[in-house]
Amino acid sequence: MNFKHKSVLLDETIEMLNIKPDGIYVDGTLGGGGHSYEICRRLGDKGRLIGIDQDEAAILAGSNKLKEFGDKVTIVRSNYSNMKTVLHNLGIQKVDGILLDLGVSSYQLDTPERGFSYKENAPLDMRMDTRSEITAKDIVNNYSEHDLYRIIRDYGEDKFAKNIAKHIVRVRSEKTIETTDELTEAIKAAIPMKIRMNTGHPAKKTFQAIRIELNKELEVLSKSLDDMIEMLNDKGRLCIITFHSLEDRIVKSSFRKNEDPCTCPPNFPVCVCGNQSQGNIITRKPIAPSEEEVLNNKRSKSSKLRVFEKKA
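Here the structure is a predicted model, which means the values were calculated and not measured.

K.L.:
It is not clear to me how the overall build of the protein chain should be interpreted in this structure. Could you clarify?
P.N.:
Check the secondary structure of the protein chain and you find 14 helices and seven strands. By its C-alpha atoms, the protein chain is 60 × 60 × 40 Å across when sized along the principal axes. Per-residue burial for the protein chain yields a buried fraction of 51% across its 312 residues. Taking all contacts inside the protein chain whose residues are at least 6 apart in sequence as the whole, residues at least 24 apart take part in 70%. Within the structure as shown, the protein chain displays about 15,800 Å² of accessible surface, and the carbon and sulfur contribution to it stands at 48%. When the 49 basic and 46 acidic side-chain charges of the protein chain are each reduced to a single mean position, those positions are 4 Å apart.

Structure follows, in structure tokens:
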């Protein structure tokens with residue numbers, strides 16, 4: 001299957017990056033290369049793009065999409081959390097812009113054998129990096145009932161988390177849960193029919209929770225933001241596209257802390273903590289997709305773009 005992924009908030013992100021022809025830019029979630037392609041189109045002979053992705057299919061697709069730009073592009077298979085090391089190995093200390101397009105790609109959702117979708121029956125996988133030994137099957141079958149409840153509650157924000165966890169444990173006690181359909185049936189059994197008929201797919205939130213837990217998505221994001229801001233040149237920008245409230249909350253909080261890191265009590269007349277602002281939040285309110293984009297790409301509906309600009 002070809003790697004297909006519609007780049008969300010494409011025009012808005014490219015505009016917010018403030019691309020300089022001779023600048024160095026990093027796409028930390030390369031995917032199909034849609035955002036990176038538009039960045040490269042705006043680079044001059046001295047400009048450079050570093051594309052990072054942990055998904056082998058994305059590396060192949062991105063490399064093919066960007067091959068016309070030759071030596072301007074360097075693509076590395078890694079997690080964006082390793083960005084500092086990746087850049088150091090390339091002899092780069094500072095960059096002019098960084099982009100993250102978070103979450104699961106259209107390709108990953110639409111490739112049944114990857115196990116991300118509750119709409120297709122497939123082995124329970126959900127690994128963004130297929131080199132990882134642990135899969136969603138391990139979480140579903142080996143986590144305690146309490147831990148399943150915790151991740152479904154916290155990462156899926158599902159009010160039926162407790163009952164879902166209980167049903168999963170009950171089903172797996174009789175037979176190992178191996179496929180997406182088997183997991184979906186266990187989830188359905190935990191939610192009253194009346195509720196299932198009036199809401200979205202009953203498995204959506206649990207699948208999201210397991211995927212986030214497996215790939216450590218929120219942990220990786222929260223630990224990486226300060227480093228990425230530090231890696232920016234003066235006036236360099238960090239653009240992050242999120243798709244659910246948990247990611248957005250982390251980005252919003254980090255941007256606020258980096259803009260105003262003062263820890264002094266409010267009644268202090270002057271700051272004495274010594275913490276210095278790293279820059280400014282460009283988007284006081286996140287940028288949302290246009291009605292036209294949502295119409296053409298339903299997956300863009302929940303997307304938000306937040307932008308931070310570094311200052312010297």
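Still to come is the rest of the account.
K.L.:
Mind showing me how you'd approach a nonpolar patch on the surface here?
P.N.:
On the surface, Phe268, Val270 and Val272 cluster together into a nonpolar patch covering about 290 Å² of accessible area. Relative to the helices and strands, Phe268 resides in the loop between helix H13 (245–259) and strand E6 (279–281). Phe268 sits in the partly exposed class, given a relative accessible area of 39%.

K.L.:
Can you help me understand the pairing of strand E5 (residues 232–242) in this one?
P.N.:
A regular strand carries its side chains on alternate faces of the sheet. Counting buried residues in E5 gives eight out of eleven residues, a clear majority hidden from the surface. Relative to E5, strand E4 (residues 95–101) runs parallel, the two being bridged by six bridges. Residue pairing for E5: Leu100 is matched across the bridge by Ile240.

K.L.:
So what exactly am I meant to see when it comes to the side chain of Asp53 here?
P.N.:
Inspection of the secondary structure puts Asp53 in strand E2 (residues 48–53). The buried charged residue Asp53 lacks any salt bridge partner; its closest oppositely charged side chain belongs to Arg77, at an N-O distance of 7.3 Å. A polar atom in the side chain of Asp53 sits 2.9 Å from the backbone nitrogen of Asp55. Discounting chain neighbours no more than four positions away, the residues touching Asp53 are Thr29, Leu30, Gly31, Ala58, Ile59, Val76, Arg77 and Ser78.

K.L.:
Quick question: what am I supposed to make of the packing of aromatic side chains here?
P.N.:
The relation between two aromatic rings is expressed through the spacing of the ring centres and the mutual angle of the planes. This model, assessed by the stated rule, comprises three aromatic pairs. On the basis of an interplanar angle of 85° and a centroid distance of 5.7 Å, the ring pair of Tyr118 and Phe207 is categorised as edge-to-face. In this pair, Tyr118 is assigned in the loop between helix H5 (106–110) and helix H6 (136–142) and Phe207 in helix H11 (residues 204–215), connecting sequence segments 89 residues apart. Neither Tyr118 nor Phe207 differs from the other in exposure class; each is buried. Here Phe255 and Phe308 contribute two aromatic rings whose centre-to-centre distance is 5.4 Å and whose plane-to-plane angle is 50°, an arrangement assigned as tilted. Here Phe308 lies in strand E7 (residues 304–310) and Phe255 lies in helix H13, a separation of 53 residues in the sequence. The class for Phe255 is buried, based on a relative accessible area of 1%.

K.L.:
I would appreciate a short explanation of the nonpolar core in the present structure.
P.N.:
Nonpolar side chains in soluble globular proteins tend to be buried together. Judged by nonpolar contacts, the single largest core of 27 residues is most densely connected at Met126, Ile164, Ile168, Leu183 and Ile210. For this core, the secondary structure elements donating two or more residues are H6, helix H7 (145–156), helix H8 (161–174), helix H9 (180–189) and H11. Looking at this core, the element that brings in the most residues is H8, giving four residues. Membership of the second largest hydrophobic core comes to 25 residues, among which are Val95, Ile98, Ile240 and Phe308.

K.L.:
I tried to follow the sheet that holds E2 on my own but got confused; where do I start?
P.N.:
Strand pairing in a sheet takes place through backbone hydrogen bonds and is either antiparallel or parallel in direction. The strand order across the open sheet built from seven strands is E3-E2-E1-E4-E5-E7-E6, with neighbouring strands paired in mixed fashion. Edge positions in the sheet fall to strand E3 (73–77) and E6, since each has one partner strand and no second. Sheet twist, expressed as the average angle between the axes of neighbouring strands with direction ignored, equals 15°. Across three bridges, the pairing between strand E1 (residues 24–27) and E4 is parallel. Bridging across to E4, Tyr25 finds its partner in Gly97. Its contacts with the sheet place H13 against E5, E6 and E7, and it is angled at close to 20° to E7.

K.L.:
What am I meant to see in the environment of Phe69 here?
P.N.:
If you trace the backbone, Phe69 turns up in the loop between helix H3 (56–65) and E3. Residue classification places Phe69 among the buried positions, given a relative accessible area of 13%. Put simply, Phe69 and Tyr37 are 32 residues apart on the chain and 8.8 Å apart in space, counted from C-alpha to C-alpha. Discounting chain neighbours no more than four positions away, the residues touching Phe69 are Tyr37, Cys40 and Arg41.

K.L.:
Is there a simple way to think about the pattern of salt bridges in this case?
P.N.:
Close approach of charged atoms allows side chains of opposite charge to pair. Considering all chains together, one arrives at 23 salt bridges under this definition. Residue Arg150 is joined to Asp147 by a salt bridge in which the shortest nitrogen-to-oxygen separation is 3.6 Å. Here Arg150 and its partner Asp147 are both found in helix H7, three residues apart, which amounts to about one turn of the helix. Note on Arg150: relative accessible area 25%, which makes it partly exposed.

Cut-off values and rules
- Here, residues in each chain are numbered from 1, in the same order as that chain's written sequence.
- Reporting of local features is limited, given that this is a predicted model, to residues whose pLDDT is at least 70; pairs of side-chain atoms are given and counted only at 80 or more, and all residues count toward the totals for whole chains, interfaces and linings.
- As a rule here, side-chain values cover all heavy atoms of the structure and leave hydrogens and water aside.
- Runs of H or I in DSSP of at least four residues are treated as helices and runs of E of at least two as strands, each being numbered from the N terminus.
- Working definition: with a 1.4 Å probe on protein chains only, accessible area under 20% of the residue-type maximum means buried, over 50% means exposed, and in between means partly exposed.
- The contact criterion used is simple: two residues touch if any of their non-hydrogen atoms lie within 4.5 Å.
- Each accessible area value is a Shrake-Rupley result obtained with a 1.4 Å probe; residue values ignore everything except the protein chains displayed when judging cover.
- Charge assignment in this entry is limited to Lys and Arg as positive and Asp and Glu as negative, and neither His nor the chain termini are counted.
- Where a charge lies is defined by one atom per residue type: Lys uses NZ, Arg uses CZ, Asp uses CG and Glu uses CD.
- A patch consists of residues whose relative accessible area exceeds 30% and which take part in no salt bridge; residues with like charges are grouped when within 9 Å of each other, and nonpolar side chains (Val, Leu, Ile, Met, Phe, Trp, Tyr) when within 5 Å.
- Between Lys or Arg on one side and Asp or Glu on the other, a salt bridge is scored when a side-chain nitrogen of the former is within 4 Å of a carboxyl oxygen of the latter.
- A pair of strands is treated as paired once DSSP finds two or more bridges between them.
- Pairs of N or O atoms are called polar contacts if they sit within 3.5 Å, as long as, within protein, a hydrogen donor faces a hydrogen acceptor (for residues adjacent in sequence, only side-chain-to-side-chain pairs).
- Pairing of aromatic rings covers Phe, Tyr and Trp, the last counted by its six-membered ring, and requires centre-to-centre distances within 6.5 Å; plane angles under 30 degrees mean stacked, over 60 mean edge-to-face, and any other angle means tilted.
- Here, nonpolar core refers to any group of buried Ala, Val, Leu, Ile, Met, Phe, Trp, Tyr and Cys residues whose side-chain atoms link them within 4.5 Å.
- All axes here are fitted lines through C-alpha atoms, helices being fitted over the stretch that makes contact, and every angle between N-to-C directions spans 0 to 180 degrees.

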